[in-house]
Amino acid sequence: KAGVTQTPRYLIKTRGQQVTLSCSPISGHRSVSWYQQTPGQGLQFLFEYFSETQRNKGNFPGRFSGRQFSNSRSEMNVSTLELGDSALYLCASSLGTGLGYTFGSGTRLTVV
Amino acid sequence: GESVGLHLPTLSVQEGDNSIINCAYSNSASDYFIWYKQESGKGPQFIIDIRSNMDKRQGQRVTVLLNKTVKHLSLQIAATQPGDSAVYFCAETSGSRLTFGEGTQLTVNP
């Protein structure tokens, strides 16, 4: 059974640009969550999608957005990139609330 | 908002010893707790979970203890091996978002 797949693994962008990250959940999982991991702030929740609807949102600016497709694949977008957006972005999939969360290997974003 | 915190940022043990990693949480409404292991360059890997209606759960070489009275969670690793060296996070949830602790770096000395 394939795990959670995130692409790309590494990305380098320039300040002011925008970026789109992709996450393919485990087959059958309808919930996809996104987290940002930095040395200073640790793991922080961005948002969660279930059946194409955003069900929960963390405390991030509007530059961070996401969506989920009918096949449960999800994308997150960050516009007008700032240096502080450099982080490991992790995606987790789940069958539903409280049913276990499996993480992907993440996308390492570096903003220069 | 509510947060989950870890008591120790680092823990160093000898190979073969038992390890205990602690976690304090503050959200009394939390009903599901998970321990994750994260190795360098990888995403968090599920170790074991426990629901709030339990106080102990065992897996292979790992045991999680939950004390709801003092809002404390611990992970016990038996016969710690070099491959157990990683950062360990506790996480709690009462809904669809996980709140993570700061992480404990476990180092296993040969």
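Here the structure is a predicted model, which is why all the values come from computation and not from measurement.

Participant: Help me out: how do you make sense of the overall build of chain B in this one?
Facilitator: Scanning chain B from terminus to terminus reveals zero helices and eleven strands. The burial tally for chain B puts 45% of its 110 residues in the buried class. For chain B, contacts bridging at least 24 residues in sequence account for 52% of all contacts bridging at least 6. In the structure as shown, chain B presents an accessible area of about 5,300 Å², 45% of it carried by carbon and sulfur atoms. Averaging the coordinates of the 9 positive side-chain charges in chain B and doing the same for the 10 negative ones gives two points 5 Å apart.

Participant: So what exactly am I meant to see when it comes to the pairing of strand β3 (residues 19-24) of chain A here?
Facilitator: Successive side chains on a regular strand alternate, one facing one side of the sheet and the next facing the other. All names here are of chain A. Sheet topology places strand β1 (residues 5-7) next to β3; three bridges connect them, and they run antiparallel. Each bridged residue has a counterpart across the sheet, and for Thr5 the counterpart in β3 is Ser24. For β3 and strand β8 (residues 74-78), the ladder comprises five bridges, and the chain directions are antiparallel. When the sheet's bridge partners are listed, Ser22 is paired in β8 with Glu75.

Participant: I would appreciate a short explanation of unusual backbone geometry in the present structure.
Facilitator: Glycine aside, negative phi is the norm for most residues, and most peptide bonds take the trans geometry. In this structure, the amide linkage connecting A:Thr7 to the following residue, A:Pro8, adopts the cis form with an omega of -10°. At B:Lys71, a position not held by glycine, the phi torsion is positive, near 55°. Within the secondary structure layout, B:Lys71 lies in the loop between β7 (62-67) and β8 (72-77). By relative accessible area, which is 26% here, B:Lys71 ends up partly exposed.

Participant: I keep staring at the state of the cysteines and nothing clicks. Help me out?
Facilitator: Each disulfide is one covalent bond, formed between the sulfur atoms of two cysteines. Taken as a whole and assessed by the stated rule, the structure comprises two disulfides over all chains. Through a disulfide, A:Cys23 is tied to A:Cys91; the S-S separation comes to 1.7 Å. On the sign convention where negative is left-handed, the bridge of A:Cys23 and A:Cys91, at about -50° about the S-S bond, is left-handed. One end of the pair, A:Cys23, is in strand β3; the other, A:Cys91, is in strand β9 (residues 87-94), with 68 residues separating them in the sequence. In this pair, the class of A:Cys23 matches that of A:Cys91, namely buried. Shown here is the disulfide that connects B:Cys23 with B:Cys90, its sulfur atoms set 1.9 Å apart. Every disulfide takes its handedness from the sign of the S-S torsion; for B:Cys23 and B:Cys90 that torsion is 60°, giving right-handed. With B:Cys23 in strand β3 (residues 19-25) and B:Cys90 in strand β9 (residues 86-93), this residue pair connects regions lying 67 residues apart in the sequence.

Participant: Got a minute to help me understand the environment of A:Pro61 in this structure?
Facilitator: All names here are of chain A. By secondary structure assignment, the location of Pro61 is in the loop between β6 (53-57) and β7 (64-68). A residue is classified by how much of its surface remains accessible, and Pro61, at 40% relative accessible area, is partly exposed. Residues Pro61 and Leu46, 15 residues apart in the sequence, show an inter-C-alpha distance of 9.7 Å.

Participant: I would appreciate a short explanation of the interface of chain A and chain B in the present structure.
Facilitator: Accessible area lost when the parts come together is the quantity often used to give the size of an interface. Taken residue by residue, the interface counts 21 residues in chain A and 16 residues in chain B. Ranking the residues of chain A by area buried against chain B places A:Leu43, A:Tyr101 and A:Phe103 at the top, with a combined share of 38%. At the junction of chain A with chain B, the criterion picks out zero salt bridges. Counting every contact that joins chain A to chain B gives nine residue pairs in polar contact (both at pLDDT 80 or more). When the residues that make up the side of chain A that touches chain B are grouped by side-chain class, the tally is eight nonpolar, nine polar and four charged.

What counts and how
Residues numbered from 1 in each chain as written. Chains lettered and ligands numbered in written order. Predicted model: local features only at pLDDT ≥ 70, side-chain atom pairs only at ≥ 80, totals over all residues. Heavy atoms only, no water. Helix = DSSP H or I, 4+ residues; strand = E, 2+ residues; numbered from the N terminus. Buried < 20%, exposed > 50% of the residue type's maximum accessible area, 1.4 Å probe, protein only. Contact = heavy atoms within 4.5 Å. Areas by Shrake-Rupley, 256 points an atom, 1.4 Å probe, with all protein chains shown as cover. Lys, Arg positive; Asp, Glu negative; His and termini not counted. Charge placed at Lys NZ, Arg CZ, Asp CG, Glu CD. Pairing = 2+ DSSP bridges. Disulfide = S-S within 2.5 Å. Buried area = accessible area lost by both parts, 1.4 Å probe. Salt bridge = Lys/Arg side-chain N within 4 Å of Asp/Glu carboxyl O. Polar contact = N/O pair within 3.5 Å; in protein donor to acceptor, adjacent residues only side chain to side chain. Nonpolar A, V, L, I, M, F, W, Y, C, P; charged D, E, K, R; others polar.

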